[in-house]
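Chain by chain, the residues run as shown.
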There are 2 protein chains.
Amino acid sequence: MTSPLCFINDHFESYSEARVHVSDLALHRGYGVFDYCREIGGRVPFLEDYLDRFYRSAAGLRLDVSLNREQLKEKIFYLLKENGFANSGIKILLTGGDTDDFYQPVRPNLLIFNIPYHAPDISFDRGVKLILFEYQRFLPEFKSINYLPGVWLQPLLKSKGAVEPLYHFNGILSETARANIFLVKNGEIITPGKGILFGVTRKHLIKMAGETFNIEERDVRLDEIFSADEVFMTGTSKHVLPVIQMDDEVIADGSPGPVTVRLMEEFSSYVNERLIKI
Amino acid sequence: MTSPLCFINDHFESYSEARVHVSDLALHRGYGVFDYCREIGGRVPFLEDYLDRFYRSAAGLRLDVSLNREQLKEKIFYLLKENGFANSGIKILLTGGDTDDFYQPVRPNLLIFNIPYHAPDISFDRGVKLILFEYQRFLPEFKSINYLPGVWLQPLLKSKGAVEPLYHFNGILSETARANIFLVKNGEIITPGKGILFGVTRKHLIKMAGETFNIEERDVRLDEIFSADEVFMTGTSKHVLPVIQMDDEVIADGSPGPVTVRLMEEFSSYVNERLIKI
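These remarks concern the structure in this document. Note that the structure is a prediction, hence the values are computed from the model and not measured.

Basis of the calculations
- Residues numbered from 1 in each chain as written.
- Chains lettered and ligands numbered in written order.
- Predicted model: local features only at pLDDT ≥ 70, side-chain atom pairs only at ≥ 80, totals over all residues.
- Heavy atoms only, no water.
- Pairing = 2+ DSSP bridges.
- Helix = DSSP H or I, 4+ residues; strand = E, 2+ residues; numbered from the N terminus.
- Axes fitted to C-alpha atoms, helices over the stretch in contact; angles between N-to-C directions.
- Phe/Tyr/Trp six-rings, centres within 6.5 Å; stacked < 30°, edge-to-face > 60°.
- Buried < 20%, exposed > 50% of the residue type's maximum accessible area, 1.4 Å probe, protein only.
- Lys NZ or Arg CZ within 6 Å of the ring centre and 35° of its normal.
- Contact = heavy atoms within 4.5 Å.
- Buried area = accessible area lost by both parts, 1.4 Å probe.
- Salt bridge = Lys/Arg side-chain N within 4 Å of Asp/Glu carboxyl O.
- Polar contact = N/O pair within 3.5 Å; in protein donor to acceptor, adjacent residues only side chain to side chain.
- Expected span 1.5 Å × (residues − 1).
- Arc of directions from axis to C-beta.
- Least-squares fit on C-alpha atoms with pLDDT ≥ 70 in both.
- Parallel < 35°, antiparallel > 145°, perpendicular 65-115°, else oblique.
- Left-handed = near helix turned anticlockwise from the far one by under 90°.
- Nonpolar A, V, L, I, M, F, W, Y, C, P; charged D, E, K, R; others polar.

Residues and elements named next belong to chain A. The strand order β2-β1-β6-β5-β4 describes an open sheet built from five strands, whose pairing is antiparallel. Of all the strands in the sheet, the pair left with one neighbour each is β2 (11–14) and β4 (32–40). If you compare each strand with its neighbour and ignore which way they point, the axes differ by 20° on average. Note that strand β1 (residues 5–8) and strand β6 (residues 109–116) share two bridges and pair antiparallel. Its bridge partner lying in β6, Ile8 is registered against Leu111.

See below:
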């Protein structure tokens, strides 16, 4: 099997051969931003939202993107056409560049990856477990590559049968390492409204569910999660994923609740409709 | 001029040609550790301390080092001999490796750089300015590559004429982005005792100064810095560096104090003696 194509700065290259110089600031100081979206049958749902966020993250970390939006899209669709996966992930990565001193950002390196999509190995039907972890991301609204706690916690998650840490700080919930969090209480939907990465799936879930439910975006206290009727996560790979346990505490009766199940189905249709319409 | 040699995993390579694969976990999730020490005329002061910390950081992030201590030293001294700088920096970098999924650590990549040393462009005679910044490093005792705030703050530092941010959290001081902090008050030396990266220069400064001064390693409140008689930093490149201003607040009379000046001189001799003795 041939290696997929990827894009680096100004050219396409075989992924297996693609390299960056060892002076890159992401290697030395973990300095860079990225974004990730999905291709389904040649369509990229919500691509404009992901590009909005990517450029916002780059500006937030003061990294220049050498391609404008149209050029970036052109590279993405060229990769999709050439690789022909039909079901894949697209990752755009922007690093601090090839430094002189391993510390000062310079001209960024821009990489675009297109790799086959594999659904996360988790049970959407039964729901998943999270662990609570006290942590506050720095510049949470920008999608930086700073995932030290998320990566570091993986052995603990595995040992506990949990999929993600749910971060909280000063008694306030924020987000999991890679997804947004929602609570359902008395038929209302509640989700943290600041100090988080604003997910594209989160945005569209709120838009969609807002037609039926009252949605509150506000500070959510840690203890509210234990009295919630339902809890779920949203993310690009996860879409809507029921959460049924938090540490050793089972949420409600320990199975996905009716609102969550309804939103899972509706969101699936919501995405599919937009695939056709593009 | 030929490019210096560096080491990657199992071979030496010209620095200008050295590359890592684009799947490296440091690029994707900022996951890795490093350490940095100095060579002076073929000697590496406190090398064993730096190696202690490097292996401790690697273990802390659960990254295997493919070389044992003797093998690592052998590679370092081979680089020093071949590059022949006489006055250089040595950086050991260990990343999460070439991942399959851009998230799970795998077999780490080990890199050793040896580059000419340039003294920091700061006035040791007049002292430097810091800015206060509220931040708590994650796993502070391990030297991870997570320097997002330190790198991100550089334009602000430059605009204020400051060299580093001094981190504090919940009213307690910890460290600057790249150095340890010390206060002098009524002839005693005070320095944060936990929640920091334990610097090698810090360790030896304490050992040396402890012969003459009383030294307290304990929690240091933010307000103590404003009533200190003297403030200084310690680091591998900086050795002992006087701090004379914190944001807009001048420390004491705004010039390096007598204890700091004495320690600068004594530490210089302390290092030189150890160069000869090796």
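Having put the structure on the table, let's press on.
Two numbers describe a pair of aromatic rings. These are the distance of the centres and the angle of the planes. Under the defined criterion, the tally for this structure stands at 32 aromatic pairs over all chains. Summarising the aromatic geometry, the rings of Phe169(A) and Phe169(B) are spaced 5.7 Å apart at their centres and angled 65° between planes, so their arrangement reads as edge-to-face. Of this pair, Phe169(A) sits in strand β8 (residues 164–169) while Phe169(B) sits in strand β8 (residues 164–169), placing the two residues on different chains. Judged by its relative accessible area of 15%, Phe169(A) falls in the buried class. Counting every residue linked through ring pairs, the aromatic cluster contains Phe133(A), Tyr135(A), Trp152(A), Tyr167(A) and Phe138(B). Above the ring of Tyr117(A), the side-chain terminus of Arg38(A) is found at 3.6 Å from the ring centroid.

The next thing to look at is the interface of chain B and chain A. At the junction of the two partners, chain B supplies 51 residues and chain A supplies 51 residues. Across the interface of chain B and chain A, roughly 4,700 Å² is buried in total on both sides, 66% from carbon and sulfur atoms. Applying the counting criterion to the chain B and chain A interface returns zero salt bridges. Linking chain B with chain A are 20 residue pairs in polar contact (both at pLDDT 80 or more), by the criterion used here. For the side of chain B that touches chain A, the elements supplying multiple residues, two or more each, are β3 (19–21), α1 (25–29), β5 (87–95), β6 (109–116), α4 (148–152), α5 (154–160) and β8 of chain B.

Residue and element names in this part refer to chain B. Positive phi, normally seen in glycine, also occurs at Leu139, with a value near 50°. As for its placement among the helices and strands, Leu139 is situated in the loop between β7 (128–134) and α4. Judged by relative accessible area, which is 12%, Leu139 ranks as buried. Even without a glycine there, the phi angle at Asn186 is positive, about 50°. Tracing the backbone shows Asn186 in the loop between β10 (180–185) and β11 (188–191).

Quick look at helix α3 (residues 69–83) of chain B now. Within an α-helix, residues lying three or four positions from one another point in the same direction, as the helix has 3.6 residues per turn. All names here are of chain B. Over its 15 residues, α3 runs 21 Å from end to end, which matches the ideal 21 Å to within 8%, given 1.5 Å per residue. Every buried residue of α3 is accounted for by Leu72, Lys73, Lys75, Ile76, Leu79, Leu80 and Asn83. What you see down the axis of α3 is that its buried residues fit within an arc of 160°, all on one side. Opposite its buried face, α3 presents the exposed residues Glu70, Glu74 and Lys81, each directed more than 90 degrees away. Summarising the contacts, the buried residues of α3 are in contact with β1 (5–8), β2 (11–14), β4 (32–40), α2 (47–60), β5 and β6. Structurally, the start of α3 carries an N-cap: the backbone nitrogen of Glu70 is 3.1 Å from a side-chain oxygen of Asn68. A positive backbone phi angle near 60° is found at Gly84, which sits one or two residues after α3.

A few words on the relation of the copies chain B and chain A. Least-squares fitting of chain B to chain A yields an RMSD of 0.0 Å, with the transformation described by 0.0 Å of translation along the axis and a rotation of 180°. In short, the pair behaves as if placed about a two-fold rotation axis. Relative to the rotation axis, the closest C-alpha in chain B is found at Gly30(B), a distance of 2.0 Å. Both copies share a contact surface, since 100% of the interface residues of chain B are interface residues in chain A too.

Right, let's talk about helix α6 (residues 200–209) of chain B for a bit. Counting buried residues along α6(B), eight of its 10 residues qualify, which places the element largely inside the surrounding structure. Within α6(B), the full set of buried residues consists of Val200(B), Thr201(B), Arg202(B), His204(B), Leu205(B), Ile206(B), Met208(B) and Ala209(B).

All names here are of chain A. At their nearest, the axes of helix α2 (residues 47–60) and helix α6 (residues 200–209) sit 10 Å apart, and the two run at 130° to each other. As judged from the angle between their axes, α2 and α6 are oblique. Taken as a pair, α2 and α6 cross one another with a handedness that is right-handed. Residues Asp49, Tyr50 and Arg53 of α2 pack against Val200, Thr201, Lys203 and His204 of α6.

Time to look at the side chain of His204(A). Structurally, His204(A) is set in helix α6. With relative accessibility at 5%, the residue His204(A) sits in the buried group.

Before going further, it helps to examine the pattern of salt bridges. Residues and elements named next belong to chain B. Under the definition given, this model contains 36 salt bridges over all chains. For Asp49, the salt bridge is made with Lys203, and the minimal N-O distance between the two is 2.6 Å. Placement of the pair is Asp49 in helix α2 and Lys203 in helix α6, with a sequence separation of 154 residues. Taking the relative accessible area as the measure of exposure, Asp49 reaches 14% and is therefore buried. Since its relative accessible area comes to 44%, Lys203 is described here as partly exposed. A salt bridge links Glu175 to Arg137, with the shortest nitrogen-to-oxygen separation between them at 2.7 Å. One end of the pair, Glu175, is in strand β9 (residues 172–176); the other, Arg137, is in the loop between β7 and α4, with 38 residues separating them in the sequence. Side by side, Glu175 and Arg137 carry an identical accessibility label, which is buried.

Residues and elements named next belong to chain A. One way to put it is that α2 packs onto helix α3 (residues 69–83) with a least axis distance of 12 Å and a crossing angle of 125°. Classified by the angle between their axes, α2 and α3 sit oblique to one another. Along this stretch, α2 crosses α3, giving a crossing that reads as right-handed. Taken together, the residues of α3 that come into contact with α2 (itself represented by Leu47, Glu48, Leu51, Asp52, Phe54 and Tyr55) are Arg69, Leu72, Lys73, Ile76 and Phe77. Its residues assigned to classes, the contact of α2 with α3 shows seven nonpolar, no polar and four charged.

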